[in-house]
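# A look at the structure
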Protein chains: 2
Amino acid sequence: MLRYLRCCVRTMSNTREQYKDAAKLLDPASTVAKITKRTKLENENAKFVNLEKLEYVSPLGKQGVWEIATRTTKPKGSLVDAVIIVPILKYPNGDKKLVFVRQFRPPCNGVVVEFPAGLVDPNDSIETCALRELKEETGYVGVIRKKTGVVWSDPGLVDANCSMVWVDVDMSLKENKTPVPHWMDNECIEVVDVPLNELEGKIDEWTKQGYLIDGRVQTLVIGMAMANE
Amino acid sequence: MLRYLRCCVRTMSNTREQYKDAAKLLDPASTVAKITKRTKLENENAKFVNLEKLEYVSPLGKQGVWEIATRTTKPKGSLVDAVIIVPILKYPNGDKKLVFVRQFRPPCNGVVVEFPAGLVDPNDSIETCALRELKEETGYVGVIRKKTGVVWSDPGLVDANCSMVWVDVDMSLKENKTPVPHWMDNECIEVVDVPLNELEGKIDEWTKQGYLIDGRVQTLVIGMAMANE
């Protein structure tokens, strides 16, 4: 789970073949991936997540309590737990595509369509983390156009947060024509690119096929539809 | 936290005054709201969230373990934990605004800009829940234009999910000219509306003022900017 525990690069070549494999292994109709057992976990045995009870004063000055889950992995000095990357492929003819990754996600017990993302390492800048994770997960080399401030994943439930980084990927570059991801040993990621104007239809199609959709991906699509009205 | 525990309606009138109060009480520069104590919590003492260890088979056929937080409040038979509402105010002259709520969120220890949202009650349909929560939190009466499938809040960390519901609010209706929210006893919500074309600048402005931004709100803005390029 922690990116800095990564050590085994699965393979460094034959990228098209790799993508094809990942697509087969992650197809909801045939994947072997599934949860086999769920057990309660106490804080003392948990490495990555903890439960906490918060006592707080409300804006009205009243006492309250709230139960939350906290990430335990944020490096000291980091403002955020993670970076989420919104990668745009830009082709010489003006075409634009968005890049997503699909992975089996145990918390959801299914294959989820997400933006590339990763936890921040100690001494990482958001920029370094974003470009490294993009390269590792998708093989693409990009240039950062913009980053957001701190954004919160699920403010009623967890303290998890991230910065979102909008990255341009120049498709006239040689390394972006044959992108080479670096996956760790037990990682299986499918990289999917979609023309901007086909995105809304794709989400519906993927949902029908049994893929699960990340809330950020869904909301980006709603934002695009709203602007296009 | 659970919507069906709601019983005390704070006030049913004088809505403008209420909004002004909420704005003052939630201003990051002066709010009294804050966390006063954090303590570890074990599953047996937790009502709303639990920690679990999952054992799973990966798409490559290998065994793995994953730590997650789970919501314990999903009603039997419900596909989703919650509903997130994207409300568009539509004015007779063609103007459009988006509606957000601001609340103090203990998990983030700050005042967060979010879409209106609520947990699904037993026997709730997504549609019923969306229109009720919109009315309770903002006072607006709307019509559902579209709802998404199941979307996942933070697929690497929690099993929390929701349906997102896009709601049109007809501003020529009398009840939408003086909207009357129904807040529960310790609830303090500020309703903020923003013209669609001013949204990107507003997020930056709110961040500078010390408000925190929900990831779905941020991603919607990125989607709009992307479509407008």
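Sequence order sets the numbering: in each chain, residues are counted from 1 along the sequence as written. Ligands are numbered from 1 and chains lettered from A, in the order in which they are written. Where totals are concerned, whole chains, interfaces and linings use all residues; where local detail is concerned, this predicted model gives features only for residues with pLDDT of at least 70, and gives and counts side-chain atom pairs only at 80 or more. Side-chain numbers here rest on the full set of heavy atoms in the structure, without hydrogens or water.

As named in an unreviewed UniProt entry, chain A is Nudix hydrolase domain-containing protein, taken from Pichia kudriavzevii.

The UniProt record annotates "domain: Nudix hydrolase" (unreviewed entry) at residues 78-216 of chain A. Secondary structure content for residues 78-216 of chain A is 22% helix and 40% strand, and the end C-alpha separation is 22 Å. UniProt positions are given in the numbering used here, feature names are shortened, and annotations may be inferred rather than shown by experiment. Under the scheme used here, helices are H or I runs from DSSP no shorter than 4 residues and strands are E runs no shorter than 2 residues, and both carry numbers assigned from the N terminus.

Right, let's get into the relation of the copies chain B and chain A. The fit set for superposing copies consists of C-alpha atoms from residues with pLDDT of at least 70 in both; the fit itself is least squares. When chain B is brought onto chain A, the operation consists of a screw motion whose angular component is 180° and whose axial shift is 0.0 Å, with 0.0 Å RMSD remaining. Such a combination of rotation and displacement between the chain copies is what one expects of a two-fold axis. Looking at chain B, 100% of its interface residues are interface residues in chain A too, so the copies touch through the same face. For this analysis, residues touch if any pair of their heavy atoms sits within 4.5 Å.

What follows covers the nonpolar core. Here is a general trend for soluble globular proteins: nonpolar side chains tend to be buried in one another's company. Here, nonpolar core refers to any group of buried Ala, Val, Leu, Ile, Met, Phe, Trp, Tyr and Cys residues whose side-chain atoms link them within 4.5 Å. The classification of residues rests on relative accessible area computed with a 1.4 Å probe and restricted to protein chains. Under 20% of the type maximum is buried, over 50% is exposed, and intermediate values are partly exposed. Counting residues in each nonpolar core, the largest one holds 120 residues, and the members touching the most others are A:Leu98, A:Met226, B:Leu98 and B:Met226. Each residue touching A:Leu98, except ones within four places of it in the same chain, is listed here: A:Val86, A:Pro87, A:Ile88, A:Phe115, A:Val192, A:Asp193, A:Val194, A:Leu196, A:Leu199, A:Leu220 and B:Met226. Core analysis: the next-biggest nonpolar cluster, separate from the first, contains 18 residues, A:Leu51, B:Leu41, B:Val49 and B:Ala160 among them.

Next up on the list: the interface of chain B and chain A. By a frequent convention, interface size equals the accessible area lost on bringing the separate parts together. Taken together, the 92 residues of chain B in the interface contact 92 residues of chain A. Carbon and sulfur atoms make up 62% of the surface buried where chain B meets chain A, a total of about 8,800 Å² over both sides. Looking at the side of chain B facing chain A, the largest losses of area belong to B:Leu51, B:Pro59 and B:Glu67, adding up to 9% of the total buried there. The salt bridge criterion pairs a side-chain nitrogen of Lys or Arg with a carboxyl oxygen of Asp or Glu, the two atoms within 4 Å. Joining chain B to chain A, the criterion identifies eight salt bridges. Throughout this description, a polar contact denotes any pair of N or O atoms lying within 3.5 Å of each other; where both atoms belong to protein, one of them has to be capable of donating a hydrogen while the other can accept it, and for residues adjacent in sequence the pair is counted only when both atoms sit in side chains. At the boundary of chain B with chain A, the tally comes to 38 residue pairs in polar contact (both at pLDDT 80 or more). Sort the elements by how many residues they give to the side of chain B that touches chain A and helix α5 (residues 215-228) of chain B lands first, with 12 residues. Amino acids outside the nonpolar list (Ala, Val, Leu, Ile, Met, Phe, Trp, Tyr, Cys, Pro) and the charged list (Asp, Glu, Lys, Arg) are all regarded as polar, and Gly is one of them. Looking at the side of chain B that touches chain A, its residues break down into 47 nonpolar, 19 polar and 26 charged. Note on terms: buried area is the combined drop in 1.4 Å-probe accessible area of two parts once they are placed together, counting the loss on both.

Moving on, we come to unusual backbone geometry. Residue and element names in this part refer to chain A. A positive phi angle, close to 50°, is found at Asn-109, a residue other than glycine. Structurally, Asn-109 can be placed in the loop between β5 (96-105) and β6 (110-114). Non-glycine residue Asn-123 carries a positive phi angle of around 65°. When you line up the elements, Asn-123 lands in the loop between β7 (117-119) and α2 (126-138).

This part is about the sheet that holds strand β1 (residues 34-40) of chain A. As summarised here, the arrangement of the three strands in space is β1(A)-β2(B)-β3(B), forming an open sheet in which the pairing is antiparallel. Because the sheet does not close on itself, it has two edges, and the strands there are β1 of chain A together with β3 (63-71) of chain B. When the angles between neighbouring strand axes are averaged without regard to direction, this sheet yields 30°. Pairing analysis gives six bridges linking β1(A) to strand β2 (residues 49-57) of chain B, with the strands arranged antiparallel. Within the sheet, the bridge partner assigned to A:Lys40 lies in β2(B) and is B:Glu52. Two strands qualify as a pair provided DSSP detects at least 2 bridges between them. Here, axes are lines fitted to C-alpha atoms. For helices the fit covers the stretch in contact, and angles between N-to-C directions go from 0 to 180 degrees.

Whether parallel or antiparallel, the strands of a sheet pair through hydrogen bonds between backbone atoms. One open sheet accounts for three strands, arranged β3(A)-β2(A)-β1(B); its pairing is antiparallel. Whereas interior strands pair on both sides, the edge strands pair on one side only; in this sheet they are β3 (63-71) of chain A together with β1 (34-40) of chain B. With strand direction ignored, the average angle separating the axes of adjacent strands in the sheet is 30°. Bridge count between strand β2 (residues 49-57) of chain A and β3(A): nine bridges; the pairing is antiparallel. Across the sheet, A:Glu52 pairs through a bridge with A:Ile68, a residue of β3(A).

What follows deals with helix α5 (residues 215-228) of chain A. Residue and element names in this part refer to chain A. To estimate the expected span of a helix, count its residues, drop one, and scale the result by 1.5 Å. With 14 residues, α5 extends 20 Å from end C-alpha to end C-alpha; this agrees with the ideal 20 Å at 1.5 Å per step. Judged by how many residues are buried, α5 sits mostly within the fold: 12 of 14 residues are covered. All of the buried residues in α5 are Gly-215, Arg-216, Val-217, Gln-218, Thr-219, Leu-220, Val-221, Ile-222, Gly-223, Met-224, Ala-225 and Met-226. At the N-terminal end of α5, a side-chain oxygen is found 2.7 Å from the backbone nitrogen of Arg-216, two or three residues along, and the residue is Asp-214.

With that out of the way, let us pick up the pattern of salt bridges. For the coordinates displayed, the defined rule picks out 30 salt bridges over all chains. Across the salt bridge formed by A:Arg132 and A:Glu133, the nearest N and O atoms sit 3.7 Å from each other. Using a relative accessible area of 0% as the deciding quantity, one classes A:Glu133 as buried. With a closest N to O distance of 3.0 Å, B:Arg216 and B:Asp214 form a salt bridge. Like B:Asp214, B:Arg216 is buried.

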